[in-house]
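Notes for the structure review
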Amino acid sequence: MWVPAIRSASYRNIFKNSQFIRLKSVYSVAQLSPYFSDSSSDEQIGSTQMKNTELTNNTVEVDSYWVTEMLNSLREEPNDALSFFRQLKESGFKHDLQSYMAMIRTFCYWGMDMKLDSLLLEVINSGKKDLGFEVSDLFEELVEGLNAEGPNSLVRALDALVKAYASLRMFDEAIDVLFRTKRCGFGLSVLSCNYLMNRLVECGKVDMAVAVYKQLKRISVTPNVYTYGIVIKALCRKGHLEEAVGVFEEMEKAGETPNEFTYSTYIEGLCLYGRSDLAYDVLQAWKRVNVPLDVYAYTAVIRGFVSEKKLQEAEMVLLDMEEQGIVPDAFSYGAVINGYCNTGNISKAQAFHDKMEARGIKSNCVIVSSILQCLCKNGKTCDAVDQFSSFKNKGIFLDEVAYNGVIDALCKLGRFEEAEKLLDEMKGKRMTPDIVHYTTLINGYCLHGRILDALDLFEEMKAKGLKPDIITYNVLAGGFSRNGLVKEALHLLDQMKGQRLMPTTVTHNVIIEGLCIGGYVEEAVKFFNSLENKSAENYAAMVTGYCELGNTKDGYELFVRLSKQGVLIKRKSRLKLLSSLCLEGEYGKALKLFEIVLSLGDDTCKITYSKLIASLCSAGDMKRARWVFDNMVWRGLTPDVVIYTMMLNGYCRVNHLQEALYLFDDMKKRGISPDVITYTVMLDGHSKNLKRDRLSLDTRSNGRERKDSGWNMWEKMDPSVFWSEMNEMELTADAICYTVLIDSHCKSDNIDDAIRLFTEMIDRGLEPDSVTYTALICGYCKQGHVEMAKDLVNEMWRKGLQPDSCTISALHHGIIKAKKLHLRHNNNSAKNHR
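Residues numbered from 1 in each chain as written. Predicted model: local features only at pLDDT ≥ 70, side-chain atom pairs only at ≥ 80, totals over all residues. Heavy atoms only, no water.

Operational definition: UniProt positions are given in the numbering used here, feature names are shortened, and annotations may be inferred rather than shown by experiment.
With an unreviewed UniProt entry as reference, the chain is termed Pentatricopeptide repeat-containing protein, source organism Datura stramonium. Here is the UniProt Sequence similarities (unreviewed entry) comment for the chain, exactly as written: "Belongs to the PPR family. P subfamily."

Written out as structure tokens, the structure is:
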């Protein structure tokens, strides 16, 4: 077949010809002639084989051979070749092995690695059915080309094939190409080997990565510093720390000097294995001997501590960076900020964000999105909206995730006009609102009963070509149900099926719970009964629905009925029922529920124990609370500081001081460190019961020696002992703790110590509240210092604190007491005078 010579300049016009782009099976000579070489085109046509039968009727047949030759002719213009290749494919032409090889040769020749990677991914993903050849055929063709032409740029294609397989997680195929290439006598780039090994490590196939490394050494592939770094990371993830250290020795023997990447990789590997403490020790030791370490190594340790929820240690590393003269970047601060956001400590997160910006480090959308989400989770939706505006005014780029979070916050606040404006603002910034943004706004409308608005937005979403998913339908179904629109909800289920979306258990549960929340219990029961195959989740939804409606009795009866059949509803619904029973004071039924759960084999939920203990302690039923607590310990669950603190508070409230101290001692023996709240509870218990116990013991003893062991223990554990322990543990007292201690000193007639603590509290930047002032005012009045008490009341007024009835009463009694003392003094003076 004759193939015309094509000039690159004239080829650029090919795509202007719509007939050529459409690609029919044959093209007229008149159509193709403008793209031939300009040199004597008529003569060239006359001297070629165009007169042969292949060009009968003045047409040129376009087949794979012709396309391949065209592509080869365009090797000097790779972008034109690619455009030609793509437009042929889009027009329906089926490229074969040779045309793909032509493009691969072009990309290899020009070093267009990214386009080569993309093309090979296309070949692998398409498969034999679409292409007419297999990847193995392509491999053989590459090897054949290399054997015929000698080592050349085609080796790039073999490297790219390894990378393409690895990127698709087709690791067996990648390794096969790697070693088949070596067997054919061609050496692969260590870069592609590194890529394969790193992908293996990142995908959790650590053993396979180490095995590839060992094989590379056997086939004489020389590792570079990054190869060693990847192996170190792999060994650290396996926990083979000594072997990882051994790799450094291998590097030394190979004459390869470790760099920042290698050192940082080892540190990162330790952190990923959960040994951030060891990683930090290593980092410090290396820093002392001037090992080159950059900000990445420190950030890896910070992230490690954050993932282990050791946020104070993460802060310490951040401070150490600054002391070492290494400037933290947004990733360093971002790790700490994200850690505090994940724990719900938004004040700390914002403080670090402010510190970061004060140091001139620009924030990013990942960090601010984390802060916004934390604010919303903490129920601070107004703050989230204000913070969003602040970030926007500072010029921080806000992505679709940030916008969605604030749209959700605005919907919860019922500020729908602002939410809609943000949606329009996104469009103006060339951000395309997706199904998530629309669903968020639809959900907001549904929660506020604006069903028609929700439906309008639902239709708008579909009109824009966004296909609602199962979540969107569930949101709308929940909205219909909460507003009693049962027929509409059922019609929506039919719509879902029409869109080939089958309603799930979640869909059914949303309708059941929605109807119950809206007060439509009969409709909920009717819908529930209409379900052919009821699951445990459906029963759980019914129990939750009863609780939401306040019909805890029916929810409890359904739970018991199911438990007799051996069905245990999901934990979330059980906790909801347990909370409802406790709120209604049905502690007997709550304990029965607890016993049923234990009997059915689910005894691992610490939240269940915590909720039940909290409720029983609040009700003052310490006998039952202790039974639940002991049951928890007996089953191997260690109570945390929160549960211990609840128990201690319960004992102190019912004046069981001896039990409180025994439990406090048991807590420390188990290695559970009391926190500030725990000590505050103990101090408060001491303060409230001290005077009462003294009076009680004095009455019973009638002057005899007091032998009550409970009293003796509390006498030893005075406030100074608790305070000393707190200082030893470096626990910083908060305003509540100071208030309790001031109150304790006042009740013990230690007014000087109370005044000292009050002053210390203010010096530390803690603001006394009305309770703090009242405690000290009572202490002053008790000692007869009425004028000082009046001064404190006036100070309260100046600070905008309203004295309550207790404060006024204390001052009133103090004044009356002072007057009585004054009258008594005057009477005594008069008698003496007479």
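**Description of the packing of aromatic side chains**
To keep it simple, the criterion reads: Here a pair means two rings of Phe, Tyr or Trp (six-membered ring of Trp) with centres within 6.5 Å. Their orientation is stacked below 30 degrees between planes, edge-to-face above 60, and tilted elsewhere. Secondary structure counts use DSSP, requiring at least four H or I residues in a row for a helix and at least two E residues in a row for a strand, with both numbered from the N terminus. Two limits define a charge over a ring: the Lys NZ or Arg CZ must be within 6 Å of the ring centre, and within 35 degrees of the ring normal.
Counted according to the given criterion, the structure contains 24 aromatic pairs. Ring geometry for Tyr-226 and Phe-261: centres 4.8 Å apart, planes at 50°, overall tilted. Taken together, the positions of Tyr-226 in helix α14 (residues 225-238) and Phe-261 in helix α16 (residues 260-272) put the pair 35 residues apart, joining distant regions of the chain. Between Phe-594 and Tyr-609, the ring centres sit 5.1 Å apart and the planes meet at 80°, which makes this aromatic pair edge-to-face. Here Phe-594, found in helix α35 (residues 587-599), pairs with Tyr-609, found in helix α36 (residues 606-618); they are 15 residues apart in sequence, far enough to count as distant. Linked through ring pairs, Phe-248, Tyr-263, Tyr-266 and Trp-286 together constitute an aromatic cluster. A cation sits over an aromatic face here: Lys-163 above Tyr-195, 5.6 Å from the ring centre. The ring of Phe-528 has Lys-534 lying over it, and the distance from NZ or CZ to the ring centre is 5.5 Å.

**Some points on helix α15 (residues 241-253)**
Within an α-helix, residues lying three or four positions from one another point in the same direction, as the helix has 3.6 residues per turn. The cut-off we apply is this: Expected helix span is taken as 1.5 Å per residue step, with the number of steps being one fewer than the number of residues. Partly exposed describes any residue whose relative accessible area lies between the buried limit of under 20% and the exposed limit of over 50%, with all areas from a 1.4 Å probe on protein chains only and scaled to the type maximum. Residue contacts are defined here by distance: any two heavy atoms, one from each residue, within 4.5 Å place the two residues in contact.
Between its first and last C-alpha, α15 extends 19 Å over 13 residues, near the 18 Å set by a 1.5 Å rise per residue. What α15 keeps buried is the set Leu-241, Ala-244, Gly-246, Val-247, Phe-248 and Met-251. Where the residues of α15 are buried, they touch α14, α16 and α17 (276-288). Gly-255 sits one or two residues past α15 and shows a positive phi near 75°.

**Considering the pattern of salt bridges**
Just so we agree on the cut-off: Salt-bridge detection follows one rule: a side-chain nitrogen of Lys or Arg within 4 Å of a carboxyl oxygen of Asp or Glu.
According to the stated counting rule, one finds 33 salt bridges in the structure shown. Here Glu-459 makes a salt bridge to Lys-462, at a shortest N to O gap of 3.5 Å. Taken as a pair, Glu-459 and Lys-462 lie in helix α27 (residues 451-463) at a separation of three residues, close to a single helical turn. Taking relative accessible area as the criterion, Glu-459 reaches 42% and is therefore assigned partly exposed. In this structure Lys-462 comes out as partly exposed when scored by relative accessible area, which is 32%. Between Glu-767 and Lys-799 there is a salt bridge, and its shortest N-O distance comes to 3.9 Å. Of this pair, Glu-767 sits in the loop between α44 (751-763) and α45 (770-782) while Lys-799 sits in the loop between α46 (786-798) and α47 (805-833); the two residues are 32 residues apart in sequence, bridging distant segments of the chain.

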